[in-house]
Each structure stands twice: as structure tokens, then as C-alpha cells.
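# Structure assessment
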Amino acid sequence: MSHLTLENIHKSFGGAAVLADVNLELDHGDIGCLLGPSGCGKTTTLRLVAGFETPDGGRLQLAGKTLATSSFTVPAAQRGIGMVFQDYALFPHMCIRDNIGFGLRHLRIPERNRRIHEVLDLVGLRHVERSYAHELSGGQQQRVALARALAPKPHILLLDEPLSSLDEQLRAELGAEIRALVKHLKMTTLLVTHSQEEAFSMADRVGVMNQGHIEQWASPHTVYHHPATPWIGTFVGEGNFISAEMQNGETICTALGAVEPAIHTDCPEQPLVAFFRPEDITLHPQGEASGVVLSSRFAGPFQMLKLRLCASAEEVSCRISSHEAIQPGQEVGLRLLPKRALTFPSGEARSSA
Amino acid sequence: MRQSRHFPPRIVAWSAAGSIGIPLVALVAFWGHVDATIWGHLWATTLPVLVKNSVVLVVGTGSFALAVGTSLGWLTGVYTFPGSRLFRWALIMPLALPTYVFAFIYLGIFDFTGPVQTTLMRWFPESSLVPVDLRQAPFICFVLGLALFPYVYLMAHNAFSSQGRGVLEAAASLGHGAGSAFWRVALPLARPWLAAGTMLVVMETVADFGAVSIFNYATFTTAIYKTWFGFFSVKSAAQLSSLLVAVVLCCALVEQFLRRRSRYAAVGSARCLSPHRLQGWKALLATGYALSILVLGFFLPVGQLLYWTLRHWSTQWSAEYWGYLGNTATLGAGAAVLITGIALVLVCIQRQLPAKDITTAVWISRLGYAIPGTVLAVGVSIAAGWADSITAAMSTLNRWNVSLPTLQGGVAVLVFGYLVRFMVTGVNTLESGMQRIPASLDQAAALHGSKGAHLAGRIHLPLLRSSMGTGLILATIEVMKEMPLTLMLRPFGWDTLAVKIYELTSEGLWEKAAVPAVVLVAAGCLAVTILCRTLPKNDVE
């Protein structure tokens, strides 16, 4: 039985549906992440779990207890959740130890102090105990917020855009640190973000949300390489779509040649599109297909080429090493790597593009 | 060289600030001639009572306004309940009624001869509880508190609705319910705002003249007025005044300090979240409480006012009222035009010359609002006396044949008094208007060679047009409502509606006073509506 369960959750604000049939299961000790564009409902989902919003329909369960249905809801203060807010929401009128002790009023003073020291040691900030939030750096505030959320040993830890207000270098560092810490504590965690790096680097399971529902709930690897819908393919990373045909049920034919698809699906006779990532095509002098370079964008470790395929005039992007000297207008040989491309019915792909 | 280029605007700014500061200097200067016999007399007779009364009034009114304003600010800032959207702005409406109008209406309703006590006496002829004399501190504090609590309410509502929400959720996630979160987090964080709002209430209470004189309650302001008209002793009036000024300036400084601190007490970003919905008996209780304060603070007095007005309009409203109305409007509009004009110049100079001394000059220009009308009247008339003696001396020195008109007793002195007292309205309105004009506009204009008066005239002035309109209306209404300054400085034939209200209420003619009062209240409603529109909208449904 999973630790956190959301069943058919519905929620609307003033007549506009924000969440439509959200389902999610998170196992004990796992880190789940809701990823999606702004307005997709990911923050509302997190706030529902926290108890700051009540669902209009559906059921929410945590650690075997029902927390909310359309008719009944446990107040946020009684749910046993820990939350790190996007702006940290540290109480500015209390010093760090009082901030952390705020959720520990059920403990007697010696125990409370022990626990405060314990969580401060966890985040390596024992020395700032007597400081105030405004005296700390952004990264330290983030750690204090985490320590405060963990102190009462909650059933689940919720992180709202945990790294968004930090600068880029600190972001990667703290992301790894938080993941290591919650994994060590076996703390079930649900986080919300709009950044795929954040989602991929921290989560065991990623839920890609779009227009109020979860389109895919799977591991980061699956979400990236085997997106469930064409929309996910374009939202997470960059993707190419070109028209395709299925041959003998096991080979797909495209303007880039015939290849074996990543997943074999029973596709009836219908127009298809093939989906693949820019890194799934390589430049190859003896490639089966060729294209004209339209432009090249330098991105440091790699460069991104825009190409027009000679066979079909379709445009694709291709990611190659930034050391190769390629000029716009040049014709190059191309090869689509086997077991990389996915197929979608072309109607579905067009509607999402 | 740079310095000399800025010379003229600096002179302009400082002469404006200087003339506004003169009445204050005049009051302080009178400490030079402390008259021991007068002080001995004051100390032996009135001073202890004045101090005691003022302290009781300030503590009572302040704590009542603090309790009502904070609780309502919390309810409307954090929750929704039936009518909460209406209450959010309607609870500011008591500010539309001058405190002296509140006072005479409440006295009219609840005094011995009023409908409430006469009915009670008819029902319980044996009871020793009625009749009650309401001209006592608790009732006065209650009435003043009802009139002034919106100052606290506004501050509290803003503090709780913007800064409070994020931390409240944090508190909830740490296992603290609404009650505990209020006392341990929201209230301590809102403290600077609440204190600033309470300070405004205290200042208004200390400065109040109209309401306390209706209740016959002796405070510093009424004592100054009596000394002024009863003994015609400028000296003792000035010395009483300067005592009061010291108190009020302390309040003003504390308020400024708290306001500055409150800026740093914000928690993270102000997130706009849907407020929590109250349900069942809690919602009922919240609505009932807010409604009862709104009824006591607005609908009851306004209803009574309208009722009296309708009964007495035909007999009371006569040709002489057109004269009072004309005087009121002329003084109001005239002073407002001057205030807005000077404020515009100050704000434009401050924009283009962001130096510390200019900021100080603008701050001084605002000080007048802190000075009670009675005190200011004394200061202004001393200053006018100085000006008159200087012109007299100069004309004898130079043997000029033209004799300058004397200022004392002229309408110019009254208008100057208004200017000093209400300059803050113009400066604040225009300053916030100016802050909304992005600095990049000035830089864009500068690239085209526009600066100084050209920049002010072509860019700032057109963009400030609506702020100027707001400032004009607000200043006009403030001047119209002003009672003690007008009473003490008006030349013969310049009676205003406020003066008429004072005359009628000092004879206990509450019902007749309703006729001029209703005009002022209508103007006050307009002012509050305008103010509401300019308030920041940080509530999202």
C-alpha cells in the first residue's frame, strides 16, 4: 500500500477547474515530483496535500489515514506534514532555534533542545542557532527551512519550488544535498517545480502535469525517453516530430530511413509521426538520409543544428559536439539511431504541437 | 559649480518648509518668556486635571481602537465570511464623520433627554441605573474609538492580508491552529503596523477639540481655547500649546520610526492566496461582529443624522446657510489650490534633486498634520504678529508711504494655518503619484535634453494630473471639516459650517446641528471613497 494516495481529486476556483481527476501514488521513502508549466495545477495539488485547500471531489490519504474527501477534511495543523515554502516563510521575529522549535511544542524542553540540535546538525548549521533569518544567506535560509520542516518528524515532506530562489550553482549543490538527506532519513517527499533539471536530479518519480491532470507518473528516465504523450515530449526537453509509416509492425519508415522503434506498439493502419530527441540523430557521411543545415546554435558543451531533410523538406533539430565546424547551407549525411524513436498517431501529435 | 546650479530649487524648497515651520518655532520661542505666576496658577488649578483627563482619554480610546481595529483587520484580512468583501472597505467609512459629529449624534441619542434614556426611564421608573450622565471618560473613549478605529483597522488589514498569510501556513504546517498562529506569529509580526495605526489614533485623540468640547471634558485643547478666548492670554496659551506639541511630536516621531521598521518586517514575498472560508457559527459570529461595529460606527450615526436633517431641513436651512456653505467652500478650495500647488513644486524638486536636505525640507512641510488645530492657531497668530511688527518697523525705517495691510485678523492668516496643517495631504498624494512614474521616463526625457522645469512641465505634470485632482479634493474636504483652527483664526464674517456646528452644539441643539453636519459628512464620504480607490489592492478572490 502506498504512503500517499490521491484518488480522482477535483478542484475548481470560481467555476474554473484547476484540477481535473488527479491520481497519484507515492511509496514510503520515495521522492515524487510534480513538474509542469505555470498554471497546470501542481501547486494547488501540493497545497491540497498540505491542507491549505480542500478538494471538491476525490480522496486524499496519507500513511493509511484519509485526510480529505469532498465532505470531510483534516485541518492542516493536524496532518503531520512538513513543508518548505518557496520563500521559506521563516518567522522573522524568532531566532533560528525558536523557528525550529515552533513545531515541537508537544515536546518537553530538554527533548525539544535535543531535537533542535539534531536537525541543525543534519543541515550543518549548528552555529547559526541564535541568528535571525535575515542574517543568513539564501542557501542557509533554505537549509533552516528544511530543518524546521523535518524537526517534528512529519509523515511527508512537501517542497514548493525548493530551489527556485537560489542562484544556479547553489541550486545543483543543494538539490543533491536535499536528496541525499531525505533519502538517508527515508522521508517520503513530494516536491513541485517547473524546472526539469530540478525534477530529474531530485526525484524518484516524476508526474508531468498539464491543464489540471497528471499526464504521466513515472521515473525521470521514462518521462524523458518514453514520454506518454507528444505534449510531454515537447514540454520536457526538445523533440522532433516527422511523419512515419509502420512496416511489418516492427520497423518504422521515415525521411531519415527505416529504424526499429524504442517500443513496439500495435499500431493499426493509420498515419503516424515518429518522435525522437535531437541527440538521437547523428551526422554520418554515409548516412541513409541527408539534410541542409539551416542554422546552428552554440551552447557550450554542444551545438544545436536546425536541418531541412532533403527527402521530405521536414525540419528537425540535431545535437552534436560543439567542436565540429558546420556552416549553414552545408549538406550533411544523417542517421537516426535505432531503438530511439517513438510513434504517435499523427492526429494526437498535431493537436499538442 | 554643480552646487550653484541647484541653488534656486533648493531655496524654493527650503522657503516653503521654512514658512511652514515658523508657527512651530513661534511656540517654542515663547518658552523664552516663561511666566512663573501663570504657571503657578495653572499647576495649582487646571494642569493636574488636564493631564489626568488627557491620559485617560488617550489610553481608553487607544486601547479600544486597537482592539476593534486589530480584530476586524484580522477577520477581513485572513478569512472570508458572509459580507466580508463589503466589510473590507465599508469598515473605513467611520472616517467620513468628523469626531465632533460623532460626539453630538451619540450624545443626542443616548443623553438624558435622548430617546434611549427617556424610554428606559419610562420602562423602569424605579431603577437607579438611569438616568446616567454620559459626559464621562468611558463613553467619550467609546465614541472616539468608534470614530478613529479605522486607522488601526487599515494598518492591521494590510499587515495581516499581505504579510501574514505565508507565515500562517508555515505555522499550520508545524501543527499550530489559527488561534495559536495569531498570537504567536501574526500578532508579533503585525506589531509595527498596529502600533503605527494606534499612534495615529492617539495623535487624533490628543488633537481633538470638537468632540471633547461637546462632552464638556477638559483637555489640553479645550484649555488652550479657553485661555485664548477667556483670558486673552497669548502667553499662557502658547505655553500650554508647546507642552502639547512636545507630546504630539513624540507621537509623530514614534509613528515615523515604526513605519520605517515595518518595511523590514515583511516575510518573503506577499503571496496572493485565497483566504480561508469561515463556516457555521464562526462565520455567523464574524459577520455579526463586523456588522455591529459598522452599524455603530456608520449606519446608526448617519441614519440619525439624516433623520434629524429631514425633520429640520425646512426650518433650519435658510439663506444664512448658503453664506456658511460659500465660506466653507471658498476657504476649502482656496487653501486646497495653494496646498496642491506648493506640494507639486516640492515633489517635483524632490524628484529631480534627491538630496538629503530636500528630503528633510519635505518632511518638515508634512509636520503640521501632527499639530492640534488649537495649538497651531496660537502658533500661527504669534507668527503673524511677528510679521506685522517687522513690516511696521521696516516702513518706519524706510519712510515708505505705502502701508502694508496687517496680517493679524485677516483671512490670509487662517488660510496659512490650513496650509500648515494640511500640507501633508497634498505632499503624500503627489508623492505616491510621483513614485508610480518610472525613473526610466526621466532618463528617456533626459536623452532628449529635457530637464528642470521643462521635464516637470512636459512629463511629470501631465502624468500627475489625477493625483493632483485627488489631492485637491482631499485637501478641500480636510479644510472644510477643520473646527478649532477656523474658530480661533476666522475674521469677522467668515463663519463656516464647522463653526456653526460648534455654536449649535455648545447650546445642546443636536438636531439643528445635523443640518450643517450632513453637508460635511457627505463631503467626508466622498473623501473616503477616493482614499479607498487609492489603497493597494492585495486581495485576490
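Conventions used here
Residues numbered from 1 in each chain as written. Chains lettered and ligands numbered in written order. Predicted model: local features only at pLDDT ≥ 70, side-chain atom pairs only at ≥ 80, totals over all residues. Heavy atoms only, no water. Helix = DSSP H or I, 4+ residues; strand = E, 2+ residues; numbered from the N terminus. Rg over C-alpha atoms; globule rule 2.2 N^0.38 Å. Buried < 20%, exposed > 50% of the residue type's maximum accessible area, 1.4 Å probe, protein only. Contact = heavy atoms within 4.5 Å. Axes fitted to C-alpha atoms, helices over the stretch in contact; angles between N-to-C directions. Parallel < 35°, antiparallel > 145°, perpendicular 65-115°, else oblique. Nonpolar A, V, L, I, M, F, W, Y, C, P; charged D, E, K, R; others polar. Buried area = accessible area lost by both parts, 1.4 Å probe. Salt bridge = Lys/Arg side-chain N within 4 Å of Asp/Glu carboxyl O. Phe/Tyr/Trp six-rings, centres within 6.5 Å; stacked < 30°, edge-to-face > 60°. Pairing = 2+ DSSP bridges. pLDDT = per-residue confidence, 0-100. Left-handed = near helix turned anticlockwise from the far one by under 90°. 1 Å grid on protein atoms, 1.4 Å probe; cavity = no way out; pocket = protein on both sides within 12 Å on 5 of 7 lines; lining within 4 Å. Points joined across faces, edges and corners; volume = space filled by probe spheres on them. Polar contact = N/O pair within 3.5 Å; in protein donor to acceptor, adjacent residues only side chain to side chain. Core = buried A, V, L, I, M, F, W, Y, C linked by side-chain atoms within 4.5 Å.

## Structural notes on the overall build of chain B
Secondary structure assignment for chain B yields 23 helices and two strands. Relative to its length of 541 residues, chain B is compact, with a C-alpha radius of gyration of 25 Å against a globular reference of 24 Å. In chain B, buried positions account for 54% of the 541 residues. Residue pairs in contact within chain B that sit at least 24 positions apart in sequence constitute 83% of those at least 6 positions apart.

## So, the packing of helix α6 (residues 99–110) of chain B against helix α13 (residues 280–316) of chain B
Relative orientation and spacing of two packed helices are given, respectively, by the angle between their axes and the distance between those axes. Residues and elements named next belong to chain B. Between α6 and α13, the shortest axis-to-axis distance is 10 Å and the interhelical angle comes to 75°. Classed by the angle they form, the pair α6 and α13 counts as roughly perpendicular. Of the residues in α13, those touching α6 at Val101, Phe102, Phe104, Ile105, Tyr106, Gly108, Ile109 and Phe110 are Leu296, Gly297, Leu300, Pro301, Gln304, Leu305 and Trp308. Among the residues forming the contact of α6 with α13, the class breakdown is twelve nonpolar, three polar and no charged.

## Let's talk about the interface of chain A and chain B
Listed by partner, the interface residues are 21 residues for chain A and 23 residues for chain B. Counting each side, the surface lost to burial between chain A and chain B is near 1,900 Å², with a carbon and sulfur contribution of 61%. Contact with chain B buries area across many residues of chain A, yet Asp87, Phe102 and Arg105 of chain A alone supply 30% of it, more than any other trio. Viewed at the interface, chain B and chain A are joined by one salt bridge.

## Some words on the packing of aromatic side chains
All names here are of chain B. Under the counting rule described, the total for this entry stands at 25 aromatic pairs over all chains. Between the aromatic rings of Phe139 and Phe215, the centroid separation amounts to 6.0 Å while the plane-to-plane angle is 85°, which identifies the pairing as edge-to-face. Of this pair, Phe139 sits in helix α8 (residues 137–173) while Phe215 sits in the loop between α10 (210–214) and α11 (220–231), and the two are 76 residues apart along the sequence. Look at Phe215 and you get buried, because its relative accessible area is 1%. Cluster of aromatic residues (ring-pair linked, three or more members): Phe64, Phe102, Tyr106, Phe110, Phe139, Phe142 and Phe215.

## Re the sheet that holds strand β8 (residues 189–193) of chain A
Residue and element names in this part refer to chain A. Read across the open sheet, the six strands follow the order β6-β7-β8-β3-β9-β10; overall the sheet is mixed. On the outer flanks of this sheet lie β6 (81–84) and β10 (213–218), each paired with one strand and no other. Averaged over all neighbouring strand pairs, the angle between strand axes comes to 20°, with direction disregarded. As paired strands, strand β7 (residues 156–160) and β8 are joined by four bridges and run parallel to one another. Within β8, the residue paired with Asp160 across the bridge is Val192.

## Structural notes on the pairing of strand β17 (residues 302–309) of chain A
Residues and elements named next belong to chain A. Across the eight residues that make up β17, a large majority, six, are buried. Counted along the chain from strand β16 (residues 289–298) to the antiparallel partner β17, the turn is three residues long, and its residue Gly300 has a positive phi close to 85°. The pairing of β17 with strand β18 (residues 315–321) spans seven bridges and is antiparallel. Residue pairing in the sheet places Gln303 in a bridge with Ile320 of β18.

## Brief notes about the confidence of the model for chain B
Residues and elements named next belong to chain B. Averaged over chain B, the pLDDT score is 83; the fraction of residues at 70 or greater is 91%. Looking over chain B, one finds the lowest element-wise mean pLDDT in helix α1 (residues 2–5), namely 46, and the highest in helix α4 (residues 47–78), namely 92. Segment residues 264–270: pLDDT under 50, and 14 contacts once partners within four positions in sequence are set aside and those in other chains are kept. Confidence drops under pLDDT 50 across residues 537–541; counting only partners more than four residues distant or on other chains, this segment forms 15 contacts. Overall fold confidence (pTM) sits at 0.79, and the ipTM for the predicted complex is 0.77.

## Section: the sheet that holds strand β5 (residues 65–69) of chain A
Residues and elements named next belong to chain A. Taken together, four strands build an open sheet; the order of strands is β2-β1-β4-β5 and the sheet is antiparallel. The strands lining the two open edges of the sheet, one partner per strand, are β2 (16–26) and β5. Neighbouring strand axes in the sheet, compared pairwise and without regard to direction, differ in orientation by 25° on average. Of the strand pairs in this sheet, strand β1 (residues 4–13) and β2 are connected by seven bridges, and their pairing is antiparallel. Its bridge partner being in β2, Leu6 is matched across the sheet by Leu24.

## Some details on the pairing of strand β14 (residues 272–276) of chain A
All names here are of chain A. The buried count for β14 comes to five of five residues, which makes it a mostly enclosed element. Bridge analysis of strand β11 (residues 240–247) against β14 gives five bridges, and the strand direction is antiparallel. Across the sheet, Ala244 pairs through a bridge with Leu272, a residue of β14. With four bridges joining them, β14 and strand β20 (residues 342–345) adopt antiparallel strand pairing. Residue Leu272 lies in a different strand from β20, and its bridge partner there is Pro345.

## With respect to the packing of helix α14 (residues 319–352) of chain B against helix α17 (residues 411–435) of chain B
Residues and elements named next belong to chain B. Here α14 crosses α17 at 45°, and the two axes come no closer than 6 Å. Here α17 runs oblique to α14, going by the angle between their axes. Note on packing geometry: the crossing formed by α14 with α17 is right-handed. Taken together, the residues that form the contact of α14 with α17 break down as 20 nonpolar, three polar and two charged.

## Considerations on the layout of surface pockets
There is about 1,400 Å³ of room inside the second largest pocket. Those elements giving two or more residues to the lining of the second largest pocket turn out to be β1 of chain A together with α4, β1 (79–80), α8, α9 (178–207), β2 (276–277) and α13 of chain B. Of the residues that constitute the lining of the second largest pocket, the class distribution is 17 nonpolar, twelve polar and nine charged.

## Let's talk about the confidence of the model for chain A
Looking at chain A, the pLDDT average stands at 90 and 97% of residues meet or exceed 70. When mean pLDDT is compared element by element in chain A, strand β3 (residues 31–35) of chain A scores highest at 96, while helix α9 (residues 346–352) of chain A scores lowest at 69.

## Some words on the side chain of Thr328 of chain B
Residue and element names in this part refer to chain B. One can find Thr328 in helix α14. Residue class for Thr328 comes out buried when judged on its relative accessible area of 2%. A polar side-chain atom of Thr328 sits 3.1 Å from the main-chain amide nitrogen of Leu497. Sequence-distant contacts of Thr328, that is, excluding residues within four places in its chain, are made with Met480, Thr496 and Leu497.

## Examining the nonpolar core
Among the nonpolar cores identified, the biggest contains 210 residues, and Leu4 of chain A together with Phe104 of chain B are the most heavily contacted of them. In terms of residue count, the dominant contributor to this core is α8 of chain B (21 residues). Every residue in contact with Phe104 of chain B, bar those within four places of it in the chain, is listed here: Ile214, Leu305, Trp308, Ile501, Thr505, Trp510, Ala513, Ala514 and Ala517 of chain B. The next biggest cluster of nonpolar side chains, apart from the first, holds 45 residues, and it includes Ala133, Ala149, Val208 and Val223 of chain A.

## Re helix α1 (residues 42–50) of chain A
Residue and element names in this part refer to chain A. Burial runs high along α1: eight of the nine residues are buried. Of all the positions in α1, only Lys42, Thr44, Thr45, Leu46, Arg47, Leu48, Val49 and Ala50 are classed as buried. Positive phi appears at Gly51, one or two residues downstream of α1, with a value of about 100°.

## Description of the environment of Val152 of chain B
Residues and elements named next belong to chain B. Structurally, Val152 is set in helix α8. For Val152, a relative accessible area of 0% gives the class buried. For Val152 and Phe81, which are 71 residues apart along the polypeptide, the C-alpha to C-alpha distance reads 21 Å. Ignoring any residue separated from it by four or fewer positions in sequence, one finds Val152 in contact with Ala65, Leu66, Gly69, Thr70, Leu194, Gly197, Thr198 and Val201.

## Focus on the pattern of salt bridges
Throughout the structure, instances matching the rule amount to 20 salt bridges over all chains. One salt bridge connects Arg47 of chain A with Glu169 of chain B, and the closest N-O pair in it is separated by 2.8 Å. Of this pair, Arg47 of chain A sits in helix α1 while Glu169 of chain B sits in helix α8, each in a different chain. Comparing Arg47 of chain A with Glu169 of chain B, the two get one shared label, buried. With its nearest N and O atoms 3.0 Å apart, the salt bridge here joins Asp280 of chain A to Arg340 of chain A. Remark: Arg340 of chain A occurs in the loop between β19 (331–336) and β20 and Asp280 of chain A occurs in the loop between β14 and β15 (281–283); sequence separation between them is 60 residues.

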